[in-house]
Amino acid sequence: MGFNLQPYGIQSMLKEGHKHLSGLDEAVLKNIDACKQLSTITRTSLGPNGMNKMVINHLDKLFVTNDAATIVNELEVQHPAAKVLVLAGKAQQEEIGDGANLTISFAGELLQGAEELIRMGLHPSEIISGYTKAINKTVQILDELVEKGSENMDVRDKEQVVSRMKAAVASKQFGQEDTICSLVADACIQVCPKNPANFNVDNVRVAKLLGGGLRNSTIVRGMVLKNDAVGTIKRAEKAKVAVFASGVDTTATETKGTVLIHTAEQLENYSKTEEAKVEELIKAVADSGAKVIVSGGAVGEMALHFCERYKLMVLKISSKFELRRFCRTTGSVAVVCTFSLFGYIKRFSTFCLTHFIFLQQLKLSQPNPDDLGYVDSVSVEEIGGVRVTIVINEEGGNSVSLLFYEEVLIAMCRDSRIVPGAAATEIELAKRVKDFSFKETGLDQYAIAKFAETFEMIPRTLAENAGLNAMEIISSLYAEHASGNAKVGIDLEEGACKDVSTLSIWDLHVTKFFALKYATDAACTVLRVDQVIN
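Just so it is clear, the model here is predicted, and its values are computed rather than measured.

### Digging into the overall build of the protein
Stage number 1. Along its length, the protein carries 17 helices and 20 strands.
Stage number 2. Expressed as a percentage of the 534 residues in the protein, the buried residues total 46%.
Stage number 3. A separation threshold of at least 6 residues defines the contact pool for the protein, and within that pool the share at least 24 residues apart is 75%.
Stage number 4. For the protein, the computed accessible surface area is about 26,900 Å², with 51% contributed by carbon and sulfur atoms.

Shown next as structure tokens:
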């Protein structure tokens, strides 16, 4: 005799096959463990000597990178708690463009400290309260560590721009940061508008060309098209530009027509009429003063023939986004297609016959003078065995600069304030937040102290990735900062502690601020979860 037991409790509420995890051991600690595993992956990629990760995504595409944003994006993390850290890293990347690794690694270290406190007997609510007080105090201290005078920055001063981006570039291309920063700074300064807050990242493009090296990289005040010109004319100087969005060609219309030809003369007239109309329109473009035609679609053979006759250079840009950038670079307006219908009626004594001599859609018309753009020069050159079209426009505020370099990190700076880099800021924060924890009387003082210890993760990771003795480095940093030298950090090249102001190693205040805020918020979000229901 079998017993049919009815489900009770939460089992009676949810459908069959559900998963329900609750309590510290099942939910909280398992979530913390998943986040720790993710931060362990990214932590070894932190800093200039960070290790690369080899990631193969679901499309079997291989990534070899030390960029945390790329790593977590291609890992396709499934654990819900670990996804919180991934979202925090993505938010940091979208907000600042740098510091994603710091966000994920710091959040993982906070959760590891929270696990130790939970095993000591603290409740997650007390840990969250301590972490909240600690991050508020950290923000206050971070404002005090800002370098005096850095809030007033001339965005067109190359030296100031380089000093603020050097640390971000060095974390990806250590040893080549001077060359890359110079290129990036020149490019950004050239396209910077009068109001720096309106800076558009899309105005700085990267043309990736195989062949040569980093020293061969250069900046073009204009645009680089990775294709050859159409036709035999490969160069134009001080030329007006006409842009046609739909192409330079003749195609059949949606309306169907029948052409009945009786004689060879009628056939000849049919062809001549089409040629005459195309020539008329190409001549109209040439008469407008344009020397360059840019097509967003196909270029017909007949249209190309007449472009050659009237010495017009023809370029083809298939991407609508590239076409939009070209218009912004040259100050031109893309002309949309127009429709033309021609025909004649020939009457006979016995019947009436209509001949549609020219029934076609012409994607070309005479441009308005206000629609024409201007370029200083357009030329086809061969770089590294690849033929590219270089458009140079020295004048005009809408110019676009391109770099011949594989990877360039561009950090948008809404706030120009800087703080000491090379782990100098983290050690000073650790020291001051630790002192702050001694003034608290509740149980959350242990969480604040653990928050302070978390800052040691940065110098420890930098030292370990560089092959240095982490304990000696951290002890030396604490000794220097206790003596009042708040700007002493790690010189990874010599393996010693030095004043980073003499080495010109600075980090953006806004990068640290958002990274620490996002990391703390992510850690507190994970700690607030006490049940997982799937």
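Back to the text.
### Quick word on the nonpolar core
Stage number 1. Formed by 62 residues in total, the largest nonpolar core has its most connected members in Leu85, Ile127, Tyr131, Phe451 and Leu527.
Stage number 2. It is helix α5 (residues 100-120) that contributes the most residues to this core, nine residues altogether.
Stage number 3. Beyond its immediate stretch of four places on either side in the chain, Ile127 contacts Ala114, Leu117, Ile118, Leu122, Ala447 and Leu527.
Stage number 4. Core analysis: the next-biggest nonpolar cluster, separate from the first, contains 20 residues, Ala239, Val292, Ile317 and Val375 among them.

### Let's talk about the side chain of Ser379
Stage number 1. Within the secondary structure, Ser379 is located in strand β13 (residues 373-383).
Stage number 2. Within the structure, Ser379 has its side chain in polar contact with the side chain of Arg235 (distance 3.5 Å).
Stage number 3. Within polar-contact distance, the side chain of Ser379 engages the side chain of Glu381 at 3.5 Å.

### Some points on the packing of aromatic side chains
Stage number 1. In the structure shown here, the tally under the stated rule is six aromatic pairs.
Stage number 2. For the pair Phe451 and Phe455, a centre-to-centre distance of 5.5 Å together with 75° between the ring planes defines the contact as edge-to-face.
Stage number 3. An angle of 85° between the planes, with centres 5.2 Å apart, marks the rings of Phe513 and Phe514 as edge-to-face.
Stage number 4. Assessed through its relative accessible area of 25%, Phe513 is described here as partly exposed.
Stage number 5. Through a chain of ring-to-ring contacts, the aromatic side chains of Phe106, Tyr131, Phe451 and Phe455 assemble into a single cluster.

### Re the environment of Glu440
Stage number 1. Inspection of the secondary structure puts Glu440 in the loop between α12 (424-438) and α13 (444-454).
Stage number 2. Distance in space between the C-alpha atoms of Glu440 and Gly130 is 9.6 Å, their sequence separation being 310 residues.
Stage number 3. Excluding residues that lie within four positions of it along the chain, Glu440 makes contacts with Lys133, Gln445 and Ile448.
Stage number 4. One polar contact links Glu440 to Lys133, side chain to side chain, over a distance of 3.4 Å.

### Overview of a nonpolar patch on the surface
Stage number 1. A surface patch of nonpolar side chains, amounting to about 430 Å² of accessible area, comprises Met54, Ile56, Leu62 and Val64.
Stage number 2. At the level of elements, β2 (53-56) and β3 (62-65) are the ones that each hand at least two residues to the nonpolar patch.
Stage number 3. Looking at the element boundaries, Ile56 is found in strand β2.
Stage number 4. Judged by its relative accessible area of 56%, Ile56 falls in the exposed class.

### Quick notes on the pairing of strand β6 (residues 235-244)
Stage number 1. The pairing of β6 with β13 spans six bridges and is classified as antiparallel. Counterpart to Lys240 in the pairing with β13 is Tyr374.
Stage number 2. As judged from the five bridges shared by β6 and strand β8 (residues 290-295), these two strands associate in the parallel manner. Within β8, the position partnered with Ala242 by the bridge is Ile293.
Stage number 3. In this sheet, strand β10 (residues 334-335) lies alongside β6 in parallel orientation, the contact comprising two bridges. Counted as the bridge partner of Val243 is Ala334 from β10.

### Some details on the pairing of β2
As a general feature of sheets, a regular strand has side chains that alternate between the two faces.
Stage number 1. The two faces of β2 differ: Lys53 and Val55 on one face are buried, but Met54 and Ile56 on the other face are not.
Stage number 2. Where β2 meets β3, four bridges bridge the pair, whose relative direction is antiparallel. Residue pairing for β3: Val55 is matched across the bridge by Phe63.
Stage number 3. What sits between the antiparallel neighbours β2 and β3 is a turn of five residues, in which Asp60 has the positive phi angle 65°.

### Regarding helix α10 (residues 301-309)
Stage number 1. Those residues of α10 lying buried are Ala303, Phe306 and Cys307. Each buried residue of α10 lies within a common arc of 105° when the element is viewed along its axis, so the set occupies one face.
Stage number 2. Positioned one or two residues after α10, Lys311 has a phi angle of 60°, which is positive.

### A closer look at the pattern of salt bridges
Stage number 1. Across all of its chains, the model carries 24 salt bridges by this definition.
Stage number 2. A salt bridge links Lys133 to Asp444, with the nearest nitrogen and oxygen atoms 2.8 Å apart. Linking Lys133 in helix α6 (residues 124-144) with Asp444 in helix α13, this pair joins segments that are 311 residues apart in sequence.
Stage number 3. The class of Lys133 is partly exposed, set by a relative accessible area of 33%.
Stage number 4. Asp444 gets classed as buried once you look at its relative accessible area, which sits at 9%.
Stage number 5. Residues Lys434 and Glu453 are paired through a salt bridge, measuring 3.5 Å at the closest nitrogen-oxygen approach. Pair noted here: Lys434 is in helix α12 and Glu453 is in helix α13, with a separation of 19 residues, a long-range link.
Stage number 6. A single salt-bridge network, built from bridges that share partners, covers Glu116, Lys434, Lys450 and Glu453.

### What to know about the packing of helix α4 (residues 80-95) against helix α17 (residues 509-527)
Stage number 1. Running from N to C, α4 and α17 point in directions that differ by 160°, and their axes come no closer than 9 Å. What the angle tells us is that α4 and α17 run roughly antiparallel. Judged by the sense of rotation from one axis to the other, the crossing of α4 with α17 is right-handed. Touching Ala81, Val84, Leu85, Ala88, Ala91, Gln92 and Glu95 of α4 are Thr511, Phe514, Ala515, Tyr518, Ala522, Thr525 and Val526, all from α17.
Stage number 2. Residue classes in the contact of α4 with α17 are distributed as ten nonpolar, three polar and one charged.

Definitions and cut-offs
- Residues numbered from 1 in each chain as written.
- Predicted model: local features only at pLDDT ≥ 70, side-chain atom pairs only at ≥ 80, totals over all residues.
- Heavy atoms only, no water.
- Helix = DSSP H or I, 4+ residues; strand = E, 2+ residues; numbered from the N terminus.
- Buried < 20%, exposed > 50% of the residue type's maximum accessible area, 1.4 Å probe, protein only.
- Contact = heavy atoms within 4.5 Å.
- Areas by Shrake-Rupley, 256 points an atom, 1.4 Å probe, with all protein chains shown as cover.
- Core = buried A, V, L, I, M, F, W, Y, C linked by side-chain atoms within 4.5 Å.
- Polar contact = N/O pair within 3.5 Å; in protein donor to acceptor, adjacent residues only side chain to side chain.
- Phe/Tyr/Trp six-rings, centres within 6.5 Å; stacked < 30°, edge-to-face > 60°.
- Patch = residues over 30% accessible without salt bridge, like charges linked within 9 Å, V, L, I, M, F, W, Y side chains within 5 Å.
- Salt bridge = Lys/Arg side-chain N within 4 Å of Asp/Glu carboxyl O.
- Pairing = 2+ DSSP bridges.
- Arc of directions from axis to C-beta.
- Axes fitted to C-alpha atoms, helices over the stretch in contact; angles between N-to-C directions.
- Parallel < 35°, antiparallel > 145°, perpendicular 65-115°, else oblique.
- Left-handed = near helix turned anticlockwise from the far one by under 90°.
- Nonpolar A, V, L, I, M, F, W, Y, C, P; charged D, E, K, R; others polar.

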